[in-house]
Number of protein chains: 2
Amino acid sequence: MKATAQAHSNIAFIKYWGNADEALRLPANPSISMNLAGVETVTTVEWREDLGQDTLMINDAPADAKATERVARHLDAVRARLGVALKANVSSRNNFPMGAGIASSASSFAALTVAAVSAAGGQLSERELSCIARLGSGSASRSIPGGYVEWQTGETHEESFAFQVAPEAHWDLVDVVAIISTGHKEVGSREGHGTALSSDYQAARVAGATDRLERCKAALFERDFGRFAAVVEQDSNMMHAVMMTSQPPLFYWQPASLVVMDAVRRWRSEGLSVCYTLDAGPNVHCLTTAQDADEIERRVTALSGVQRVLRAPVGGGAVVLG
Amino acid sequence: MKATAQAHSNIAFIKYWGNADEALRLPANPSISMNLAGVETVTTVEWREDLGQDTLMINDAPADAKATERVARHLDAVRARLGVALKANVSSRNNFPMGAGIASSASSFAALTVAAVSAAGGQLSERELSCIARLGSGSASRSIPGGYVEWQTGETHEESFAFQVAPEAHWDLVDVVAIISTGHKEVGSREGHGTALSSDYQAARVAGATDRLERCKAALFERDFGRFAAVVEQDSNMMHAVMMTSQPPLFYWQPASLVVMDAVRRWRSEGLSVCYTLDAGPNVHCLTTAQDADEIERRVTALSGVQRVLRAPVGGGAVVLG
């Protein structure tokens, strides 16, 4: 009744922002991402007869009530699906800073889902694991399959899952993450999703998302960095524009974020294969190729306001470690 | 056949971005602004029999061909209206940095219009002067009347003019401009207007503009700073969101702009009457009241990245000096 699973964080090229169904966490638009190798959560779940309630350790420290409650609600979904009546001890470790624009909830809920199901002896398809992970955190659905991943909106719980569109080896993209701040953000992405519709721009963002997704996938399939860069930056700008025009407005960009974004555009105009994208946080994900990754890492590290750099090639899917 | 006129720059609370008619410069949406006392252009126009072409001096130096041509086209409009066949020597002086988010074209074309008409002996109404100034630069229409000014869209040349909605003395607002950069911007606002429709968000921005304008006017009439601040910052964010999602994207914010914007929001939450708005440039206009202006000026001056501060109370309309 005990299992350990590992899942990678992921970075979206075409973003998820806002839900069509809050309770089921059905997204307003489809999204596409790559998993981040080495940026991972490892989670152990042990179902036990002697527990009165679920417990949660994060990085070897007891988690606060809010995080524990969120994990307990996710375990409820696993219990309901597998007919388990037990409570669990959950222990989770991230090897990257939480709450600062690197999706810790994505890898966390993917690893939690796979560990909890495995510990209970469940044999579920990747598709179903993705659906369950989605209930914990939308982007966690994309950390279940490996490589380049699309999450389709779906109209029911069973239809809203992520699947691989290209394996890791298809294209050697690298995410060079400029860490601007490792502090927790004031408004988390989960809360932020609920404000999306308060922006006059969300409807237009959603209306164009499928077209951007198709353009992104076409560029990905053809390994066409120029077209890829244009649509990835456009989509990131569009999401942050929605955030900044929500009520109340959400500003995730910090001054150093602008420094990096500006540099990335300049470097691309100089011939390097690089583009930026930002999640709900100040850190700038600089997407590049294996060929240009050393140069980009060197240049990003030298920028003012960048605390450190994290480098991740394309990662695999969530796996049971034992 | 010679006259000198003075006009003030203005700062829009609800912004003009994009034209419904490019040739006539009919704006996509109505806008509202205040004139900036002390931030001014003084222009002398002399119609002469002995000139083969119009000439232009800016701040005592011959202007480049592009600026001279733009002024000559504007003089064409005055010649056509008044039946003048002469060419003119034009000499213009600004007492503030050009091309960095403080609308030099607004005060310049307002002063040029008034001086050119006066030098030709024309007696035109404020309304008609505003229409003509608009042809040179949209926001120049708002530098003709004094105080707080609205520019209605109109569907013809004669209908698209600005008018005073409240006199200078109605409310003692002060614009404390944080000068981030005095360099010329890469993409001028005139060129930028043409890209507005390439953003998926422009239609939604325009659709809501009249509502924001009415909310802004109501707050202005009632001197309700809290409501004024909310709609002014929202409108600025919405315009910059359109700019950043245009193709190609236009980024006017610099890192120090974000520093000031963030500080302004924090100061307001501490109880000061202050809000921000940015035109097509990096400088941040911190709108405040006479009561809080000293404190705001002190705080803005101390922020990192602010080169200097310019302070302007509400200004009057364009006038003939002699």
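About the thresholds
- Residues numbered from 1 in each chain as written.
- Chains lettered and ligands numbered in written order.
- Predicted model: local features only at pLDDT ≥ 70, side-chain atom pairs only at ≥ 80, totals over all residues.
- Heavy atoms only, no water.
- Contact = heavy atoms within 4.5 Å.
- Buried area = accessible area lost by both parts, 1.4 Å probe.
- Salt bridge = Lys/Arg side-chain N within 4 Å of Asp/Glu carboxyl O.
- Polar contact = N/O pair within 3.5 Å; in protein donor to acceptor, adjacent residues only side chain to side chain.
- Helix = DSSP H or I, 4+ residues; strand = E, 2+ residues; numbered from the N terminus.
- Nonpolar A, V, L, I, M, F, W, Y, C, P; charged D, E, K, R; others polar.
- Pairing = 2+ DSSP bridges.
- Axes fitted to C-alpha atoms, helices over the stretch in contact; angles between N-to-C directions.
- Buried < 20%, exposed > 50% of the residue type's maximum accessible area, 1.4 Å probe, protein only.
- Lys, Arg positive; Asp, Glu negative; His and termini not counted.
- Domains from an automatic or database assignment.

In this complex, chain B contributes 23 residues to the contact, which on the side of chain A involves 23 residues. In terms of surface lost to chain A, no three residues of chain B exceed Tyr201(B), Phe251(B) and Leu258(B), which account for 31% of the buried area on that side. Across the contact surface, chain B and chain A share zero salt bridges. On the surface where chain B and chain A come into contact, there are six residue pairs in polar contact (both at pLDDT 80 or more). Within the residue set of the side of chain B that touches chain A, elements represented by two or more residues are helix 5 (202-221), helix 6 (225-244) and helix 7 (255-269) of chain B. Examining the composition of the side of chain B that touches chain A, we find that six residues originate from one element, helix 6 of chain B, more than from any other. When the residues that make up the side of chain B that touches chain A are grouped by side-chain class, the tally is 14 nonpolar, five polar and four charged.

Residue and element names in this part refer to chain A. The four strands lie next to each other as 11-12-10-13, forming an open sheet whose pairing is antiparallel. Two strands bound the open sheet, and with one partner strand each, they are strand 11 (274-277) and strand 13 (308-313). Here the strands of the sheet are splayed against their neighbours by 25° on average, with no regard to which way each runs. Here strand 10 (residues 173-179) pairs with strand 13 via six bridges, running antiparallel. Considered in strand 13, the bridge of Ile 179 is made with Arg 308.

So, on to the side chain of Arg134(B). Residues and elements named next belong to chain B. Tracing the sequence through the fold places Arg 134 in helix 3 (residues 126-136). Buried charge without a partner: Arg 134 forms no salt bridge, and the closest opposite charge is Glu 158, 7.6 Å away. Once residues within four sequence positions are removed from consideration, Arg 134 is found in contact with Leu 24, Arg 25, Leu 26, Ser 141, Trp 151, His 157 and Ser 160.

Attention shifts here to the domain arrangement of chain A. Residues and elements named next belong to chain A. You can read the domains of chain A as domain 1 (2-169) and domain 2 (170-313). The interface of domain 1 with domain 2 comprises 38 residues on the first partner and 53 residues on the second. Taken together, both faces of the contact between domain 1 and domain 2 bury some 3,500 Å²; the carbon and sulfur share is 65%. It is Phe 13, Lys 15 and Trp 17 that lose the most area in domain 1 upon contact with domain 2, and together they represent 24% of the buried surface on that side. Where domain 1 touches domain 2, the interface holds two salt bridges. Notably, a salt bridge pairs Lys 217 with Glu 150, separated by 2.6 Å at the nearest N-O pair.

All names here are of chain A. Between Gln 247 and the following residue, Pro 248, the backbone shows a cis peptide bond with an omega angle of 0°. Even without being glycine, Asn 59 reaches a positive phi, approximately 50°. As for its position among the elements, Asn 59 is in the loop between strand 5 (55-58) and strand 6 (61-62).

Residue and element names in this part refer to chain B. The buried fraction of strand 4 (residues 31-48) is high, at 13 of 18 residues. Bridge analysis of strand 1 (residues 2-14) against strand 4 gives 11 bridges, and the strand direction is antiparallel. Pairing of Lys 2 across the sheet is with Glu 46, part of strand 4. Relative to strand 8 (residues 148-151), strand 4 is paired through four bridges, and the arrangement is antiparallel. Residue Ser 31 lies in a different strand from strand 8, and its bridge partner there is Trp 151.

Further remarks concern the pairing of strand 10 of chain A. Residue and element names in this part refer to chain A. Burial runs high along strand 10: seven of the seven residues are buried. Of the pairings in the sheet, the one linking strand 10 to strand 12 (residues 284-289) comprises six bridges and is antiparallel in character. Residue pairing for strand 12: Val 174 is matched across the bridge by Thr 288.

The subject of this paragraph is the pattern of salt bridges. Under the criterion given, the structure shown has 46 salt bridges over all chains. One salt bridge connects Arg311(A) with Glu297(A), and the closest N-O pair in it is separated by 2.7 Å. On the criterion of sequence distance, the pair formed by Arg311(A) in strand 13 and Glu297(A) in helix 8 (residues 290-302) is long-range, its members being 14 residues apart. Between Arg265(B) and Asp262(B) there is a salt bridge whose closest N-O contact spans 3.7 Å. In this pair, Arg265(B) and Asp262(B) both sit in helix 7, three residues apart, roughly one turn of the helix. With relative accessibility at 21%, the residue Arg265(B) sits in the partly exposed group.

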